[in-house]
Structures are given as C-alpha cells and as structure tokens.
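For reference, the chains in residue letters:
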Amino acid sequence: MTSSHLSPYCCDLRSKKLMLLDRPALEAKDVLDGSNHCWCFRTQKVLGPDRARVEPDACTAERSCFRSVFESVT
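Residues numbered from 1 in each chain as written. Predicted model: local features only at pLDDT ≥ 70, side-chain atom pairs only at ≥ 80, totals over all residues. Heavy atoms only, no water.

Chemist: Hey, could you run me through the overall build of the chain in this one?
Modeler: Assigned secondary structure in the chain consists of three helices and two strands. Each helix and strand of the chain, ordered N terminal to C terminal, gives the series β-α-α-β-α. Relative to its 74 residues, the chain shows a buried fraction of 30%. Restricting the contact set of the chain to residue pairs at least 6 apart, pairs at least 24 apart contribute 38%. Summed over all atoms, the accessible surface of the chain reaches about 5100 Å², with 56% contributed by carbon and sulfur. (Helix = DSSP H or I, 4+ residues; strand = E, 2+ residues; numbered from the N terminus. Buried < 20%, exposed > 50% of the residue type's maximum accessible area, 1.4 Å probe, protein only. Contact = heavy atoms within 4.5 Å. Areas by Shrake-Rupley, 256 points an atom, 1.4 Å probe, with all protein chains shown as cover.)

So, in structure tokens, the structure goes:
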C-alpha cells in the first residue's frame, strides 16, 4: 500500500458519511456531510482526548492524540 492510499486523518475520526465510505478518507469532503458533524471514537464526543475540537482539518498527524490506521490494527 502506498502512502497515497493512506488517510491523512486519525483513525478515530468518525462521521455518518464516513461510515458509508468503502475506502479511507482522503479529503474533508469524504468525512463531512451537510451537517458537518463528526466525533471521536475514543471519547464519543466532539472533543478528542486532548480536549480539542474534532474535525478533519484538525485530526491529523500534528495532533498529540492522532493514531494512524496501522496503530488501530495492533
């Protein structure tokens, strides 16, 4: 699998639209629908473990609580 197939988003990022996607999200439009609502799988809230807001632009590798797809498998 090449890096172009890996999602830039945390594996804990969730949204209704993302549940219907049959591949990793590559862009914010893959995650967000008209409601723009998403949440963190670990906290089950709109705030992540670091208490910052959950959204595609924020849930990336720069964030302290970020977990890649590979980390979620182990």
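Next comes the rest of the description.
Chemist: Sorry if this is basic, but what is going on with the side chain of D12 here?
Modeler: Inspection of the secondary structure puts D12 in the segment before strand 1 (13-14). A polar atom in the side chain of D12 sits 2.9 Å from the side chain of R67. Aside from chain neighbours lying at most four places away, what touches D12 is W39, C40, F41, R42 and R67. (Polar contact = N/O pair within 3.5 Å; in protein donor to acceptor, adjacent residues only side chain to side chain.)

Chemist: Please explain the pattern of salt bridges as it appears in this structure.
Modeler: When their charged atoms lie close together, side chains carrying opposite charge are able to pair. One pass over the full model with this rule turns up four salt bridges. Residue R67 pairs with D12 through a salt bridge whose shortest N-O separation is 2.9 Å. Separated by 55 residues along the polypeptide, R67 in the loop between strand 2 (39-40) and helix 3 (69-73) and D12 in the segment before strand 1 bring together distant segments of the chain. We classify R67 as partly exposed; its relative accessible area is 24%. (Salt bridge = Lys/Arg side-chain N within 4 Å of Asp/Glu carboxyl O.)

Chemist: Would you explain the confidence of the model for the chain in this entry?
Modeler: Segments scoring low in pLDDT should not have their predicted coordinates read at a detailed level. Here the chain shows a mean pLDDT of 89. Residues at 70 or above account for 88%. Within the chain, the lowest mean pLDDT, 66, falls on helix 3, and the highest, 98, falls on strand 2. (pLDDT = per-residue confidence, 0-100.)

Chemist: Whenever I open this one, the environment of A52 confuses me. Can you help?
Modeler: By secondary structure assignment, the location of A52 is in the loop between strand 2 and helix 3. Its relative accessible area of 30% is what places A52 among the partly exposed residues. When the C-alpha positions of A52 and R63 are compared, they lie 9.3 Å apart, and in sequence the two are 11 residues distant.

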